[in-house]
Amino acid sequence: MDLLGFSLSYVSHALRSSGLSMAQDLPPVDMFVTSADPVLEPSILTVNTVISLLAVDYPADKLACYVSDDGCSPITYYSLVEASKFAKIWVPFCKKYNIQTRAPFRYFSSELILTGSCNYSLEFQQEYNKMKDGYEELASKIKDAVEKSMEWDLIGDFAIFSNMEHKNHPTIIKVIRDQNEAGLSEALPHLIYVSREKRPEHPHRYKAGAMNVLTRVSGLITNAPFMLNVDCDMFVNNPQIFLHAMCLLLGSKNERESGFVQCPQYFYDGLKDDPFGNQFVVGNKYMGRGVAGIQVPFYEGTGCFHRRKVIYGSCPDDIGNQAKRLTPVHGDLSYEEQLRIFGDSKEFIRSAAYALQGKENISPKNLPNLVEAAHQVAGCGYEYVGWQYGAATEDVLTGLMIHGRGWRSLFCTPDPRAFLGCAPRGGPISMAQQKRWATGLLEILIGRRSPIVTTVTARLQLRHCLAYLSLLTWGLRSIPELCYAVLPAYCTITDSSFLPEVHEPAIYIYMALFLSYVIYTLIEYHETGLSIRAWWNNQRMARINAMNAWLCGFISVILKVFRISDTVFEVTQKDQSSSNDGDEGRFTFDASLIFVPGTTVLLLQLTALIMGFRGMQLSDGSGLGERLCSIMVVICFWPFLKGLFAKGKYGIPLSTIFKSAFLALCFVLLAKRA
Ligand SMILES: O=c1ccn([C@@H]2O[C@H](COP(=O)(O)OP(=O)(O)O[C@H]3O[C@H](CO)[C@@H](O)[C@H](O)[C@H]3O)[C@@H](O)[C@H]2O)c(=O)[nH]1
Ligand SMILES: [Mn+2]
């Protein structure tokens, strides 16, 4: 079936039911892309994401794309300028031939194109070649820019970047493409580059800070009633996604049902059988849809369409007087209240008033003038409404606050998948990401905005609270996991036991529990079409993540509670996944403390196993269960076992091994004394 036709007819139905008459009445959408570091996040990826956004199937005059650059890098700006030139030929090409993959690097890397080329017209082939050359030129320009970054001549348009320290600089806003200036023939959205002000004395609040600046800046410039946000690596994989999202946003009977629409996070070029356990295919299918079933899919930080007024803190219209208790943002605000809530930019207050009514600004727009005013609201002192601070997972916290005000959300899972991004590869990157999540989720759990508090004081329902708790308690699992992993070793070392003996009937209870868990999870993988290997890798990584990354996250939250150190947002490295050294899925290590707990647990099991089999208390079968458990732990930590003997990035550094050996020794001595 023609998907576009289908979506459009569906949309027009949805539109009609919400009082609009034609597809031309589709509401404007502001699109936000955050980037932070041109090294960890190669500009070519950001550029592809931006191009794919500019090329979506949606009226271009309704779209504006804002790119935040926390790296304040002339390379990012330059790449975007070049990308917008390429987009001028790329976007019409995609629309003319209804190309499905609109991120050029994906389109040109797919093997399918132009094989069996007899099906394609000569005209297409010529244009295809032109696009391919155009993209190759763009890619090589960006590559050159990255390579010569040391010797940039920052003149002309780039002069503003000279002498900029990336943690101490004024705001830079640059309109790369202004729709009003270009002729009507060029149907391309606005493209605006924003590098917000940063000062050492002001906390910059990482991604949440960047999102808030984009929200305010776009509020002044385009003020679209809907906003989409994506991470810089998350390109549009389904060009009709905006239409799908609008069906949900405009088509629900009660606006309250669709405070935001979340598309699940999926990744491209995932490694075979998910060796790092971070592709979340099964999680999205079961947990994701389960939570969607109770109307509160979590906000995942990327691939999400928000109503602007929801982000500004408003409540659903139909909750009347209760709204005043839940949020300062309600219908009849006095001027003083407006100043307090939205800051002292008159333009911003005016635009916020429109946004709260769900409208766009109707006054004619003169971008250059607005950009002047936008500098004020991009300043680091201008902090009002928006994404929530105080947790490394600003996304979940922001979503929770929205649900707490009575909004519900929707899950959007079109085929093909809406957005695709990079899943981390390699031990250290993957662990750092997991640690940040565990940290952020625990910060929310113990904070004053925890779901329990929100349920008691606001409009979160008990079942929503439980859904949030199941996510937020991730990091806490590290403690029981660690205890259970150490227990069999402890028992062997001290010649005690925690399991019944093999001939006691009670052992069947344990076996039944274990087997039913294994069978149940296996069925989940089977039904999702994944292999047993993928199942095993995820099981194994769940143990490794819990005992290393989540434990470190737990500890960093404790340190925060005692004000010893604050938590930070470490940017995840994104790579283009073309490094084919044949060992792609192999676990890698670095000297980070994050690997110490796992190595210690492994050394303990090995010690226990050696002691156990030497002592041979096995004669009557006692201690068999414990020893099997130890072996299980060793198998889960197989990548670590290999790491003990491997060299380079595949080996556990000696310093880590020494630290772990010391800890393991202490444990053995203490256990023996007890
Ligand atoms: O100071 C910062 C730090 C990060 N980012 C951006 O935030 C996004 C997410 O960062 P990333 O390092 O890719 O984190 P991930 O672990 O991949 O992200 C997941 O988890 C985050 C919360 O921990 C969410 O914000 C993300 O949307 C979600 O994809 C990226 O676009 C970054 O450029 C900034 O703009 N400023
Ligand atoms: Mn990411």
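Residues numbered from 1 in each chain as written. Chains lettered and ligands numbered in written order. Predicted model: local features only at pLDDT ≥ 70, side-chain atom pairs only at ≥ 80, totals over all residues.

Some thoughts on the overall build of the chain
Here's step 1: Within the chain one finds 24 helices and 11 strands.
Here's step 2: Computed over C-alpha atoms, the radius of gyration of the chain comes to 27 Å, within 12% of the 26 Å expected from 2.2 N^0.38 for 674 residues, which places it in the range of a compact globule.
Here's step 3: Principal-axis analysis of the C-alpha atoms places the extent of the chain at approximately 85 × 65 × 55 Å.
Here's step 4: Out of the 674 residues in the chain, the part that is buried amounts to 45%.
Here's step 5: Pairs at least 24 apart in sequence give 84% of the contacts found in the chain among residues at least 6 apart. (Helix = DSSP H or I, 4+ residues; strand = E, 2+ residues; numbered from the N terminus. Rg over C-alpha atoms; globule rule 2.2 N^0.38 Å. Buried ≥ 20, exposed ≤ 12 C-beta atoms within 10 Å, placed from the backbone. Contact = placed C-beta atoms within 7 Å.)

Section: the environment of L271
Here's step 1: Among the structural elements, L271 can be located in the loop between β8 (266–267) and α8 (281–293).
Here's step 2: The class for L271 is partly exposed, based on 17 C-beta atoms found within 10 Å.
Here's step 3: For the pair formed by L271 and A60, sequence separation is 211 residues and the distance between their alpha carbons is 35 Å.
Here's step 4: If near-sequence neighbours (up to four positions away) are discounted, L271 is found in contact with R425, E584 and G585.

Thoughts on the nonpolar core
Here's step 1: M31, V50, I51, L54, C65, Y66 and V217 are the most contacted members of the largest nonpolar core, which totals 157 residues.
Here's step 2: Of the residues that make up this core, three or more belong to each of domain 1 (3–265 + 300–423) and domain 2 (451–673).
Here's step 3: If we ignore the near neighbours within four places in the chain, the residues touching L54 are C65, A87, V91, L188, P189 and L191. (Core = buried A, V, L, I, M, F, W, Y, C linked by C-beta atoms within 7 Å. Domains from an automatic or database assignment.)

Re the UniProt feature "binding site: Mn(2+)" (unreviewed entry) in the chain
Here's step 1: Here, UniProt's "binding site: Mn(2+)" (unreviewed entry) annotation points to K207 and D231. Taken together, the annotated residues stretch across 25 residues yet fold into one region, lying no more than 9.6 Å apart by C-alpha.
Here's step 2: A tally of 23 C-beta atoms within 10 Å means that K207 is categorised as buried.
Here's step 3: Those residues within four positions of K207 in sequence are excluded, and the remaining contacts are T34, E394 and F569.
Here's step 4: Of note, D231 is situated in strand β5 (residues 226–231).
Here's step 5: Excluding anything up to four places from it in sequence, D231 contacts T34, T302 and G421. (UniProt positions renumbered as here; feature names shortened; annotations may be inferred.)

Here we look at the site of ligand 1
Here's step 1: In the vicinity of ligand 1 there are 23 residues, among which T34, A36, D231, G301 and T572 approach most closely.
Here's step 2: Elements supplying a minimum of two residues to the shell around ligand 1: β1 (29–35), α6 (206–221) and α15 (427–446).
Here's step 3: Counting residues per element, the shell around ligand 1 draws most heavily on α15, at 4 residues.
Here's step 4: Residues that form the shell around ligand 1 fall into these classes: 8 nonpolar, 9 polar and 6 charged.
Here's step 5: Summarising the domain contributions, the shell around ligand 1 has at least three residues from each of domain 1 (3–265 + 300–423) and domain 2 (451–673). (Near = placed C-beta within 6 Å. Nonpolar A, V, L, I, M, F, W, Y, C, P; charged D, E, K, R; others polar.)

So, the UniProt feature "active site" (unreviewed entry) in the chain
Here's step 1: The sites that UniProt annotates as "active site" (unreviewed entry) are D70 and D395.
Here's step 2: By C-beta crowding, D70 is classed as buried, having 24 other C-beta atoms within 10 Å.
Here's step 3: In this view, D70 contacts S35, A36 and A210; residues no more than four positions away in its chain are not counted.
Here's step 4: Judged by local crowding, D395 falls into the buried class, with 24 C-beta atoms found within 10 Å.
Here's step 5: Setting aside chain neighbours within four positions, we find D395 in contact with Y299, E300 and G301.

Examining unusual backbone geometry
A negative phi holds for most residues other than glycine; trans holds for most peptide bonds.
Here's step 1: In this chain, D415 is followed by P416 through a cis amide linkage whose omega measures -5 degrees.
Here's step 2: Within the fold, P416 resides in the loop between β10 (409–411) and β11 (419–421).
Here's step 3: Within the chain, Y206 stands out as a residue other than glycine whose phi angle is a positive 50 degrees.
Here's step 4: Note that Y206 resides in helix α6.
Here's step 5: Its identity as a non-glycine residue notwithstanding, R563 has a phi of 55 degrees, on the positive side.
Here's step 6: Within the secondary structure layout, R563 lies in the loop between α20 (532–561) and α21 (596–615).
Here's step 7: Assessed through the 7 C-beta atoms surrounding it within 10 Å, R563 is described here as exposed.

Observations concerning the sheet that holds β5
What holds strands together in a sheet is hydrogen bonding between their backbones, with the strands either parallel or antiparallel.
Here's step 1: The strand order across the open sheet built from 8 strands is β3-β4-β2-β1-β5-β9-β7-β10, with neighbouring strands paired in mixed fashion. Looking along the sheet, the strands with just one partner apiece sit at the ends: β3 (172–177) and β10. Between one strand axis and the next, the sheet turns by 20 degrees as a mean value, whatever way the strands run.
Here's step 2: Here strand β7 (residues 260–262) pairs with β10 via 3 bridges, running parallel. Each residue of the ladder has a partner; that of F260, found in β10, is S409. (Pairing = 2+ DSSP bridges. Axes fitted to C-alpha atoms, helices over the stretch in contact; angles between N-to-C directions.)

Considering the packing of helix α18 (residues 478–494) against helix α22 (residues 624–636)
Here's step 1: Where α18 contacts α22, the two axes come as close as 8 Å, and the packing angle between them is 135 degrees. Of the possible angle classes, the one that applies to α18 and α22 is oblique. When the axes of α18 and α22 are compared, the crossing they make is left-handed. From α18, A485, P488, A489, C491 and T492 reach across to α22, where they touch E626, R627, C629, S630 and V633.
Here's step 2: Classifying every residue of the contact of α18 with α22 gives 6 nonpolar, 2 polar and 2 charged. (Parallel < 35°, antiparallel > 145°, perpendicular 65-115°, else oblique. Left-handed = near helix turned anticlockwise from the far one by under 90°.)

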